[in-house]
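So the chains spell out like this:
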Amino acid sequence: MDTTLSANDISGLVEADRAHVWHHLIQQKPFETVDPRIMVEGKGMRVWDATGKEFLDAVSGGVWTVNVGYGRESIANAVRDQLVKLNYFAGSAGSIPGSQFAEKLIEKMPGLSRVYYTNSGSEANEKVFKMVRQIAHKRYGGKKHKILYRERDYHGTTITALSAGGQPERNALYGPYTPGFVEVPHCLEYRAQWDVENYGMRAADAIEEVILREGPDTIGALCLEPVTAGGGVVPPPDGYWERVQEICRKYDILLHIDEVVCGMGRTGVWFGYQNYGVKPDFVTMAKGVASGYAAIACVAITEEVFEMFKENPDDPLDYFRDISTFGGCTAGPAAALENVRIIEDEGLLQNTLNMGERMMGNLRALMEKHAVIGDVRGKGLFCGAELVADRATKEPVDEKQAQAVVADCMAQGVIIGVTNRSLPGFNNTLCFSPALISTPDDIDQITDAVDKALSKVFG
Ligand SMILES: Cc1ncc(COP(=O)(O)O)c(C=O)c1O
């Protein structure tokens, strides 16, 4: 790849970045002495930085986003065509790509019928929290307003999304939080909290215990990731979701599934919850919806919930009094429509299942070789390997060692991830979420790099 950047261009970019950009998620101090990395181009599974170094991207843009890979001209063209036709109008009106994408999306989500457009995962989750609160006021005098969330799950970066956040290192120092959010225990069997045979059932029963403690008449909704992402890549144990659904029905609690990571094929089906046969009332999605070609997030909602917001048309406060300015950008649904077409036409769901199996097989083989891998977990192309200092005690490795593995892979030209500022002492799970277009060679190249890095860091 020719980045066409001269040494002068590069140093100008680096200096501008160093002087003015505040990077997400990381400590900035090292950039006083080390050059920030500037990404300049992508094609398929690969990206190039400003120095021209090539990387195989095993994390779809760092945070599970670029599901169909980089450099898709057809998406860029669809966005361009739409922008010159009509770039924006507030969401109080409809748009051509907005109505077409909503129809397409709902085809994939039996049981749901309405799409609310917004522009980030955090914001989509906030919309649901507002709907749940409004329903509590409409139906239950405000009493059924509490929202349950799970330890290890993450639902976004705003203060209220953090209030529903089960990752203490993300939350610390940003309180006080929004009241009315209550935590339920995580369901990661590798870090079991109960010594029982049917772990899935037991972990779900723990949710019921919280409901009974708080009072079922105070709980409006339960918000869960289908497979916990940043909290350690946690696919639920068998039986978990079936029991969760039963509990929600029993206590008249709305089920909100956060598909911001799993949505749009990541686990080999359109939505993560569809692996488990559950029927949600709300589904939020963002990252993979348009693979990062445009900012778009959506809430998909049942007709039953939608109906509640038009019961009293004469009451000026009875409808959903909410707007997301950039939810009216047409680039989002235009990109999302083309993104779905690509997933369908290129058979990417099946490829995700096949390549996910290969990735899990490779990771299991690495586990045979490297005692430091305590557990491998995954669903589709959404995999994790938890690193432990001791397999018997499951003591996590020091997070600096886990980060050293990531850095060594980076030096080899492969970008992998690691859980980051999630649970104190447990930022020890390597994360793999390559694009759904991965080939067997890509998968093998990723796990070969991990093999070498583990040998180097742990001997
Ligand atoms: C499960 C989950 N929900 C919500 C969010 C927040 O999405 P956004 O960063 O688009 O606000 C994230 C972001 O990583 C996420 O992983």
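Residues numbered from 1 in each chain as written. Predicted model: local features only at pLDDT ≥ 70, side-chain atom pairs only at ≥ 80, totals over all residues.

## Focus: the overall build of the protein chain
In plain terms, the rule: Elements are defined by DSSP. Helices are runs of H or I of four residues or more, strands are runs of E of two residues or more, and each kind is numbered from the N terminus. For this measure, only C-alpha atoms enter the radius of gyration; the expected value for a globule follows 2.2 Å times N^0.38, where N is the number of residues. Exposure classification rests on a simple neighbour count of other C-beta atoms within 10 Å of a residue's own: a residue reaching 20 or more is buried, one at 12 or fewer is exposed, and one in between is partly exposed. C-beta atoms are placed from the backbone. The contact criterion used here is simple: two residues whose C-beta atoms, placed from the backbone, lie within 7 Å are in contact.
Looking only at helices and strands, the protein chain features 14 helices and 16 strands. What you see for the protein chain is a C-alpha radius of gyration of 22 Å, in line with the 23 Å of a compact globule of 459 residues. Principal-axis analysis of the C-alpha atoms gives the protein chain an extent of 65 × 60 × 45 Å. When burial is assessed residue by residue, the protein chain has 49% of its 459 residues classed as buried. Within the protein chain, contacts between residues separated by at least 24 positions form 72% of all contacts whose residues are at least 6 apart in sequence.

## Topic: the sheet that holds strand β8 (residues 254–258)
Through backbone hydrogen bonds, the strands of a sheet pair up, either in parallel or in antiparallel fashion. Convention followed: By this definition, two strands are paired if DSSP reports at least two bridges between them. To get an axis, fit a line to the C-alpha atoms, keeping to the stretch in contact for a helix; angles then go from 0 to 180 degrees between the N-to-C directions.
Pairing is mixed across the open sheet formed by 7 strands, whose spatial order is β4-β10-β9-β8-β7-β5-β6. Two strands in the sheet have a free side with no partner beyond their single neighbour: β4 (114–118) and β6 (181–184). For this sheet, the mean inter-axis angle between neighbouring strands, taken without regard to orientation, is 20°. Bridge analysis of strand β5 (residues 146–150) against β6 gives 4 bridges, and the strand direction is parallel. Paired with Ile147 across the strands is Phe181, a residue of β6. Strand contacts of helix α8 (residues 199–214): β5, β6 and β7 (219–224), with the helix running at about 145° to β6, the strand carrying the most contacts.

## Let's talk about the packing of α8 against helix α9 (residues 240–250)
We apply this condition: In what follows, roughly perpendicular refers to angles from 65 to 115 degrees, roughly parallel to angles under 35, roughly antiparallel to angles over 145, and oblique to any angle outside these ranges. By definition, turning the near helix anticlockwise from the far helix through less than a right angle yields a left-handed crossing, and turning it clockwise yields a right-handed one.
Contact geometry for α8 and α9: axes closest at 7 Å, N-to-C directions at 25°. Relative to α9, the element α8 lies roughly parallel. The way α8 lies across α9 gives a crossing that is right-handed. Of the residues in α9, those touching α8 at Gly200, Met201, Ala203, Ala204, Asp205, Ile207, Glu208 and Ile211 are Tyr240, Arg243, Val244 and Ile247.

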